[in-house]
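Single-letter residue listing:
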Amino acid sequence: MADMSSATRLHPLRADRQSGRTVSVTPAGDATRISLRARPDAVAKLSRLLGLSLPTRPKSTAVAKDGRAALWLGPDEWLLIDAPDSDVAAVLARADVLHSAVDVSHRNVGIIVSGEGADRTISGGCPQDLSLAAFPVGAASRTVLGKIEVIVWRTGEDSFRIECWRSFSEYAYSFLQESAKDCGI
Amino acid sequence: MSSSLSSGSNRIAGKGRLTPAKTVRFTFDGQNLTGLEGDTLASALLANGIHLVGRSFKYHRPRGILSAGSEEPNALVDIERDKARRQPNVRATVQEIYDGLKAKSQNRWPSLTFDVGSVNDLFSPMLPAGFYYKTFMWPKFAWKSIYEPKIRAAAGLGVVPGEADTDRYANRFAHCDLLVVGGGAAGLAAALGAAETGAKVILCDEQPEMGGALRYESGVTIDGLDAYAWAEATAARLRNMSNVTVLSRTTAFGYYAQNFVGLVERISDHLSRPAADMPRERLWQVRARKVVLATGAIERHMVFANNDRPGIMLASAARLFLNHHGVAVGRKVGVYTANDSAYAAAIDLKRAGIDIPVIVDTRDNPASPVVEEARALGIEVLAGHAVFSAGGKRRVSSIQVKPNKGGGNERRITVDALIMSAGWTPSVHLFSQSRGKVAWDAANERFLPGDHAQDCVSVGACNGTDDLQATLDEALSAVAASGTRLAASGGSGWVGGMVGSAPGAGADTTVKAFVDFQNDVTAKDVRLAVREGMHSIEHVKRFTTNGMATDQGKTSNMHGLAIAAEALGKPIPAVGLTTFRAPFTPVTFGSIVNNARHGLFDPTRRTPIHAWHAAQGAPFEDVGQWKRAWYYPQAGEDMHAAINRECVAVRNHAGIFDASTLGKIEVVGPDAAKFLELLYTNPWEKLGVGRCRYGIMLREDGFIYDDGVVGRLAEDRFHVTTTTGGAPRVMHHMEDYLQTEFPHLDVWLTSTTEQWAVIAVQGPKARQIIAPLVEGIDLSNEAMPHMSVREGRICGVPTRLFRMSFTGEAGYEINVPADYGQAVWEAVHAAGKPLGLTPYGTEAMHILRAEKGYIIVGQDTDGTVTPHDAGLSWAIGKNKTDYVGIRGLLRRDLVAPGRKQLVGLRTKNPRTVLEEGAQIVANPNQPVPMTMIGHVTSSYWSENCGRSIALALVVDGTKRMGETLYVPMPDGVIEVEVTGTVFFDEKGERLNG
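Residues numbered from 1 in each chain as written. Chains lettered and ligands numbered in written order. Predicted model: local features only at pLDDT ≥ 70, side-chain atom pairs only at ≥ 80, totals over all residues. Heavy atoms only, no water.

Engineer: Which parts of the structure should I look at to understand the overall build of chain B?
Structural biologist: Helix and strand counts for chain B stand at 24 helices and 51 strands. Relative to the 2.2 N^0.38 estimate, which gives 30 Å for 993 residues, the radius of gyration of chain B is 38 Å and therefore markedly larger than a compact globule would have. When the backbone C-alpha atoms are referred to their principal axes, chain B occupies close to 115 × 70 × 55 Å. Counting across all 993 residues of chain B, residues that qualify as buried make up 61%. Taking contacts inside chain B between residues at least 6 apart in sequence as the whole, the part at least 24 apart equals 66%. For chain B, the computed accessible surface area is about 38000 Å², with 53% contributed by carbon and sulfur atoms. (Helix = DSSP H or I, 4+ residues; strand = E, 2+ residues; numbered from the N terminus. Rg over C-alpha atoms; globule rule 2.2 N^0.38 Å. Buried < 20%, exposed > 50% of the residue type's maximum accessible area, 1.4 Å probe, protein only. Contact = heavy atoms within 4.5 Å. Areas by Shrake-Rupley, 256 points an atom, 1.4 Å probe, with all protein chains shown as cover.)

Engineer: Whenever I open this one, the domain arrangement of chain A confuses me. Can you help?
Structural biologist: By a widely used convention, the size of an interface equals the accessible area lost when the partners come together. Residue and element names in this part refer to chain A. Split into domains, chain A comes out as domain 1 (19–29 + 107–182) and domain 2 (32–103). When each unit is reduced to the centre of its C-alpha atoms, the spacing between domain 1 and domain 2 is 23 Å. Contact with domain 1, which involves 15 residues of that partner, is made by 12 residues of domain 2. Both faces combined, the contact of domain 1 with domain 2 buries some 1100 Å², and carbon together with sulfur accounts for 55% of it. The tally of links between domain 1 and domain 2 comes to two salt bridges. Connecting domain 1 to domain 2 are six residue pairs in polar contact (both at pLDDT 80 or more). (Domains from an automatic or database assignment. Buried area = accessible area lost by both parts, 1.4 Å probe. Salt bridge = Lys/Arg side-chain N within 4 Å of Asp/Glu carboxyl O. Polar contact = N/O pair within 3.5 Å; in protein donor to acceptor, adjacent residues only side chain to side chain.)

Engineer: It is not clear to me how the packing of helix 5 (residues 185–195) of chain B against helix 11 (residues 468–478) of chain B should be interpreted in this structure. Could you clarify?
Structural biologist: The axes of two packed helices give the description: the angle between them and the distance between them. All names here are of chain B. At a minimum axis separation of 8 Å, helix 5 and helix 11 run at an interaxial angle of 35°. Pair helix 5 / helix 11 crosses with right-handed handedness. Mapping the contact onto sequence places A185, A186, A189, A190 and G193 in helix 5 and L468, T471, L472, A475 and L476 in helix 11. In terms of residue class, the contact of helix 5 with helix 11 is made up of eight nonpolar, two polar and no charged. (Axes fitted to C-alpha atoms, helices over the stretch in contact; angles between N-to-C directions. Left-handed = near helix turned anticlockwise from the far one by under 90°. Nonpolar A, V, L, I, M, F, W, Y, C, P; charged D, E, K, R; others polar.)

Engineer: Quick question: what am I supposed to make of the interface of chain A and chain B here?
Structural biologist: Residue-level contacts link 52 residues of chain A with 53 residues of chain B. Summed over both partners, the interface of chain A with chain B comes to about 4400 Å²; 55% of that surface belongs to carbon and sulfur atoms. Note that D182(A) is salt-bridged to R282(B), the shortest N-O span being 2.6 Å. Across the chain A-chain B interface, the total number found is 25 residue pairs in polar contact (both at pLDDT 80 or more). Within the residue set of the side of chain A that touches chain B, elements represented by two or more residues are strand 2 (32–38), strand 6 (99–103), helix 3 (118–123) and helix 4 (169–183) of chain A. A total of eight residues in the side of chain A that touches chain B trace back to one element, the largest contributor, which is helix 4 of chain A.

Engineer: For this particular structure, what's the right way to read the sheet that holds strand 1 (residues 24–27) of chain A?
Structural biologist: By definition, the strands of a sheet pair up through backbone hydrogen bonds, in either a parallel or an antiparallel sense. All names here are of chain A. The five strands lie next to each other as 1-7-10-9-8, forming an open sheet whose pairing is antiparallel. Sheet topology places strand 1 and strand 8 (140–145) at the edges, where each strand pairs with a single neighbour. Neighbour-to-neighbour, the strand axes of the sheet open up by a mean angle of 30°, direction not taken into account. Sheet topology note: the strand 7 (residues 108–114)/strand 10 (residues 159–165) ladder contains seven bridges and is antiparallel. By the bridge assignment, G110 is partnered in strand 10 with E163. (Pairing = 2+ DSSP bridges.)

Engineer: So what exactly am I meant to see when it comes to the pairing of strand 22 (residues 398–403) of chain B here?
Structural biologist: The side chains of a regular strand alternate, residue by residue, between the two faces of the sheet. Residues and elements named next belong to chain B. Pairing geometry for strand 21 (residues 385–391) and strand 22, over six bridges, is antiparallel. Counterpart to A390 in the pairing with strand 22 is I399. Hairpin connection between strand 21 and strand 22: a loop of six residues separates the two successive antiparallel strands, and G392 in this loop has a positive phi of roughly 95°. Pairing analysis gives four bridges linking strand 22 to strand 23 (residues 411–414), with the strands arranged antiparallel. Residue pairing for strand 23: S398 is matched across the bridge by T414.

Engineer: In this structure, what is going on with helix 12 (residues 523–531) of chain B? I would like to understand it.
Structural biologist: Since there are 3.6 residues in each turn of an α-helix, residues three or four apart along the chain are aligned in direction. All names here are of chain B. Burial analysis of helix 12 places seven of its nine residues in the buried class, the great majority of the element. Taken residue by residue, helix 12 has A523, D525, V526, R527, L528, A529 and V530 as its buried positions. Buried residues in helix 12 make contact with strand 30 (514–516), strand 31 (521–522), helix 13 (537–544) and helix 14 (557–568). In the segment just after helix 12, G533 is the residue with positive phi, at about 105°.

Engineer: Can you help me understand the pattern of salt bridges in this one?
Structural biologist: When charged atoms on two side chains of opposite charge get close, those side chains can pair. Counting across every chain of the model gives 62 salt bridges over all chains. Between E196(B) and R237(B) there is a salt bridge, with its nearest N and O atoms 2.1 Å apart. Separated by 41 residues along the polypeptide, E196(B) in the loop between helix 5 and strand 9 (201–204) and R237(B) in helix 6 (residues 227–239) bring together distant segments of the chain. Accessibility expressed as a relative area gives 42% for R237(B), which makes it partly exposed. Note that R699(B) and D701(B) form a salt bridge whose closest N and O atoms lie 2.7 Å from each other. A residue is classified by how much of its surface remains accessible, and R699(B), at 28% relative accessible area, is partly exposed. One salt-bridge network, in which partners are shared between bridges, spans R9(A), D30(A), R166(A) and D819(B).

Engineer: How should the nonpolar core be read in this particular structure?
Structural biologist: Counting residues in each nonpolar core, the largest one holds 87 residues, and the members touching the most others are L41(B), F321(B), Y336(B) and I419(B). Judged by nonpolar contacts, the second largest core, of 42 residues, contains I704(B), M787(B), M804(B) and V857(B). (Core = buried A, V, L, I, M, F, W, Y, C linked by side-chain atoms within 4.5 Å.)

Engineer: Looking at this structure, how should I read helix 23 (residues 842–851) of chain B?
Structural biologist: Residue and element names in this part refer to chain B. A large share of helix 23 lies buried, amounting to 10 of its 10 residues. Within the sequence span of helix 23, burial applies to T842, E843, A844, M845, H846, I847, L848, R849, A850 and E851. At its buried positions, helix 23 is contacted by strand 32 (620–623), strand 33 (626–629), helix 18 (639–652), strand 34 (654–658), strand 48 (932–942) and strand 49 (947–955). One or two residues past the end of helix 23 sits G853, with phi positive at roughly 75°.

Engineer: Help me understand the packing of helix 18 of chain B against helix 23 of chain B in this model?
Structural biologist: All names here are of chain B. Two numbers describe how helix 18 lies on helix 23: the axes approach to 9 Å, and their chain directions differ by 55°. One finds that helix 18 runs oblique with respect to helix 23. Crossing handedness for the pair helix 18 and helix 23: right-handed. Of the residues in helix 23, those touching helix 18 at M639, I643, E646, C647, V650 and R651 are E843, A844, I847, L848 and E851. (Parallel < 35°, antiparallel > 145°, perpendicular 65-115°, else oblique.)

Engineer: Could you clarify how one ought to interpret the packing of aromatic side chains in this entry?
Structural biologist: Both the distance between ring centres and the angle between the ring planes are used here to describe each pair of aromatic rings. Enumeration according to the criterion identifies 14 aromatic pairs over all chains in this entry. Arranged with centres 5.8 Å apart and planes meeting at 40°, the rings of Y171(A) and F175(A) form a pair that is tilted. Note that Y171(A) and F175(A) are positioned in helix 4 at a spacing of four residues, about one turn of the helix. For F175(A), a relative accessible area of 4% translates into the label buried. An aromatic cluster is present here, built from W612(B), Y632(B) and W825(B) joined pairwise through their rings. (Phe/Tyr/Trp six-rings, centres within 6.5 Å; stacked < 30°, edge-to-face > 60°.)

Engineer: It is not clear to me how the sheet that holds strand 5 (residues 77–82) of chain A should be interpreted in this structure. Could you clarify?
Structural biologist: Residue and element names in this part refer to chain A. Spatially, the five strands line up as an open sheet ordered 3-4-5-2-6, and their pairing is antiparallel. Of all strands in the sheet, those with a lone pairing partner are strand 3 (61–63) and strand 6, marking the two edges. In this sheet, adjacent strand axes meet at a mean angle of 20° when their direction is disregarded. Its contacts with the sheet put helix 1 (residues 40–50) on strand 2, strand 5 and strand 6, and the angle it makes with strand 2 is roughly 150°.

Engineer: Quick question: what am I supposed to make of the confidence of the model for chain B here?
Structural biologist: In low-pLDDT segments, the atomic positions of the prediction should not be examined closely. Taken over all residues, the pLDDT of chain B has a mean of 94, while the share at 70 or more is 97%. If you check the scores for this complex, the pTM reads 0.93 and the ipTM reads 0.96. (pLDDT = per-residue confidence, 0-100.)

Engineer: Sorry if this is basic, but what is going on with the environment of V816(B) here?
Structural biologist: If you trace the backbone, V816(B) turns up in strand 44 (residues 811–817). Once the C-alpha coordinates of V816(B) and V797(B) are considered, the two residues, 19 residues apart in sequence, prove to be 7.2 Å apart.

Engineer: How should I be thinking about unusual backbone geometry in this particular structure?
Structural biologist: Note on backbone geometry: most residues besides glycine have negative phi, and most peptide bonds are trans. Residues and elements named next belong to chain B. Geometrically, the link from A582 to P583 is a cis peptide bond, its omega value of 0° lying close to zero. Position of P583 relative to the elements: it lies in the loop between helix 15 (572–575) and helix 16 (589–593). Residue P929 is reached from V928 by a cis peptide bond, and omega for that bond is 0°. As for its placement among the helices and strands, P929 is situated in the loop between strand 47 (919–921) and strand 48. The phi torsion at R249 lies on the positive side, around 50°, for a residue other than glycine. Its place among the elements puts R249 in the loop between strand 12 (244–247) and strand 13 (250–256). Residue R249 is classed as buried on the basis of its relative accessible area, which comes to 18%. One non-glycine residue, Q552, lies in the positive phi region at around 50°. Locating Q552 in the fold gives a position in the loop between helix 13 and helix 14.

Spelled out as structure tokens, the structure:
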């Protein structure tokens with residue numbers, strides 16, 4: 001009889017690489033992630049259930065007190081990011097309004113880019129305007145980094161969270177490391 | 001020989017801005033030389049009295065330094081840091097010297113001073129423009145075998161490096177309110193004016209320092225400061241402003257749509273020892289609200305006989321070498337001009353103690369303060385005269401001067417350098433790239449920016465504004481500067497100029513008066529092109545190659561155009577201007593490619609179980625961007641042995657396979673089943689929860705687009721699988737139809753390909769192996785039959801467990817959240833190993849499915865195969881009234897007889913394995929070309945069948961069961977028998993085992 005609790009998580013990235021002079025690029029910890037889809041008439045009810053106000057404008061996010069975050073990705077699409085032990089899936093399962101909630105916790109990998117020059121590091125591969133005026137703290141957007149699709153979320157003036165699909169995380173991680181080197185110069 | 005510490009015998013004490021103590025050692029063609037920090041290679045060579053720096057492209061004529069900027073057509077050299085970091089065709093006028101720089105001349109053999117290729121110059125009457133279009137026409141075969149290879153070997157400039165570039169290149173996207181291109185007086189004023197309003201400004205200039213023409217002007221002040229000091233102070237001030245980015249050594253090379261401008265910043269080309277992780281260049285991709293073009297103007301040379309001799313250069317270049325680098329280009333410098341600005345250069349040289357024997361001016365009555373000033377300094381001015389020819393070969397030694405109109409006495413004047421100016425060509429390259437239309441300024445014979453197509457404005461010399469004060473005012477008003485005012489004094493007006501050939505190089509002559517130095521095009525060649533019938537400037541350009549070298553004719557376009565217009569008897573604007581294209585100056589491949597090298601060339605996608613496969617020594621097969629384990633060789637096994645073992649093990653015991661790359665889409669919503677009804681040929685409404693079905697997806701035209709197994713997890717939730725390669729396009733296909741055709745449906749699609757690691761366990765012992773690891777799912781045949789799906793736990797983690805098969809064996813596909821993939825794989829492998837569980841790779845998977853006749857979309861189908869053709873009619877819902885492709889399937893040609901259908905092939909000799917792609921014929925005795933009736937789509941050795949097996953698409957294949965067909969191959973014809981597509985367990989009993 002095999003040990004039933006033996007399956008352990010294996011993160012695709014290792015936090016053992018050097019970053020730039022002023023910028024650090026590190027893998028984010030595990031998280032619960034839900035791809036949430038719903039029409040405008042369901043937003044109020046879903047917001048109440050989730051304990052945050054689902055954003056309805058492009059590039060915006062909402063973060064609840066406990067850290068649960070909702071990133072606007074499209075007119076009917078949000079990415080929810082929460083603690084690894086979050087009950088958000090169960091909460092949504094109880095919602096009696098029309099919506100789609102799909103667990104993508106393992107589909108995505110998070111990478112934290114922080115320090116002076118974090119914006120320039122991402123600008124090495126992302127064509128969005130990341131100035132504070134155009135992309136203030138709290139802004140989030142599905143965009144590109146080099147040759148892949150990513151979500152960029154500005155969590156502070158000098159800190160960003162990048163989310164990408166798991167098999168692209170090695171590319172994103174290496175790309176950001178490479179770009180970070182250029183930003184200390 | 002000068003002392004090794006001297007920075008050159010032509011360095012004039014007290015002149016220029018370089019520091020005499022800061023010497024830099026470099027080599028040119030192996031000769032050790034010394035220059036000063038801040039020298040370009042050109043200024044350093046001239047300081048050392050070296051004018052001859054290369055041989056020309058076609059005639060191998062000795063060439064010197066024409067200019068002091070990026071327009072340089074002649075002084076192209078090879079710069080080598082090491083074997084991998086060597087660059088040909090570097091303009092000596094742009095390359096800054098650094099300690100240890102190694103420069104070599106090009107296009108000469110065995111040496112620069114004695115070059116065998118220069119015989120081309122003697123044979124030049126036989127090598128006119130367009131000679132290769134005519135000379136090498138006959139005999140036809142010789143073009144490919146003789147002429148082209150020979151011409152290719154003889155042509156071309158410079159030698160490409162033989163090793164991969166080891167430098168790093170960076171990329172940066174940037175956004176700004178205002179991009180200012182050019183850091184001369186106009187650009188600095190615009191940047192300053194805008195910056196003071198708080199705008200976000202990027203200012204770039206291709207030179208190491210800002211200043212533009214102010215670097216060589218003398219006697220000019222701005223805001224009471226010496227103009228260059230003002231430029232330095234302004235640049236420093238801008239650098240200190242947080243809303244301004246000042247980029248020197250940065251060329252704006254391309255102006256694209258919506259104010260998107262490409263810049264290349266040269267970061268380390270001027271450094272002796274660049275830091276290890278310093279990029280060589282950085283590409284800036286700038287999106288600007290507004291662009292100010294302050295790109296200045298480029299001086300033109302005079303077109304006269306032997307105007308290409310080393311030592312003959314642009315007057316402004318000589319002035320820059322003197323006033324900035326402190327270098328005199330000669331000791332006895334003649335001047336040839338049609339324009340005032342050359343006088344300023346002559347005056348500066350004269351005041352620096354250089355002999356100016358003569359100023360030859362083609363104008364009859366040049367009248368301007370600089371003319372008087374030159375005369376007052378005792379310089380002889382020969383107005384209404386022309387230089388008919390230059391003497392000297394490797395360096396100009398004399399000029400022959402005659403009155404313009406002919407007649408009169410010819411004088412031969414000894415010189416060791418000649419500076420010239422035919423006037424100034426506004427740099428409208430970027431403006432033109434922005435799709436702006438140029439307008440002809442007839443009074444000054446120049447093209448100026450006309451209608452703008454984008455939000456950009458041209459200021460200063462590039463806009464035809466010659467006066468310095470007017471330039472500053474124009475720049476400030478262009479950016480709506482509020483408080484900033486700048487007052488200038490001094491400066492020589494750029495009055496005068498000519499385009500076309502100078503006297504003595506007219507239509508009645510055959511002299512070599514060069515228009516385009518880099519491509520060796522003379523005035524005579526342009527006229528020949530017109531005589532040959534080229535009446536459009538675009539044709540003249542291509543016939544002569546005028547302006548087609550890497551300098552893009554910065555100095556030659558206007559002359560070429562004027563000569564063609566004269567020959568055609570048309571005004572210049574009627575002949576037209578050729579199109580300016582990016583890049584403005586050559587751009588390295590490295591900067592364009594930048595980060596996309598090595599590991600970042602393209603994403604490499606690895607499955608969550610990749611590390612395990614790699615540890616087993618499995619080779620990987622590339623499937624799109626994915627790496628998939630191909631097979632798992634054991635000690636002493638070759639590929640075939642390993643694959644045979646894996647195939648047999650799956651059927652006799654069990655195999656474990658990483659299927660994580662399969663595309664997965666979660667379809668959620670009350671209309672999910674309705675949506676799938678529309679996207680697939682199969683019926684879905686009645687599929688029970690917990691059951692699976694193999695689905696086929698068509699395009700509108702009725703051809704197979706993708707296939708896969710779909711499981712129903714709940715009334716409103718389906719788990720769709722797609723082929724590995726099809727995952728992204730199937731998602732887009734579905735989303736496209738949902739948004740455009742079926743927006744009334746309440747359903748959403750989410751890609752879950754990467755949420756799940758998929759572990760296929762296939763074979764008679766599959767259930768026995770996984771049973772001990774599974775919780776909460778009854779695995780019995782009755783509770784969980786073939787084609788069903790259950791949710792539960794395996795190894796303590798959540799799973800979606802599918803009972804399905806792509807091998808024909810009873811089997812499972814275990815889906816677990818990706819991060820658990822490897823741990824679960826290891827647990828299953830450990831549990832199964834004692835029972836003979838064997839890892840198998842993609843190759844064995846391909847064979848096992850072919851033994852069962854399961855198709856692979858894209859291998860056994862090619863976008864012209866319907867479900868009927870593929871033998872999958874059973875997968876079409878007979879009672880369905882609508883789905884994508886339903887009308888396509890009724891097209892006359894899709895229901896007509898004679899279509900190719902998927903069949904099996906058995907070779908008469910069971911050991912012969914057909915080649916995939918091989919053509920099939922009914923009668924091998926036909927003469928070639930035979931009538932081909934089909935081709936092999938899949939072919940393998942099947943250890944389980946003990947023979948070769950193949951699938952093929954054959955015309956009317958299903959009617960040919962038992963027929964013998966033929967596969968003609970280079971070493972003989974192979975006989976095959978047409979069979980069904982199932983080679984193993986025809987009844988399919990093993991699925992339910």
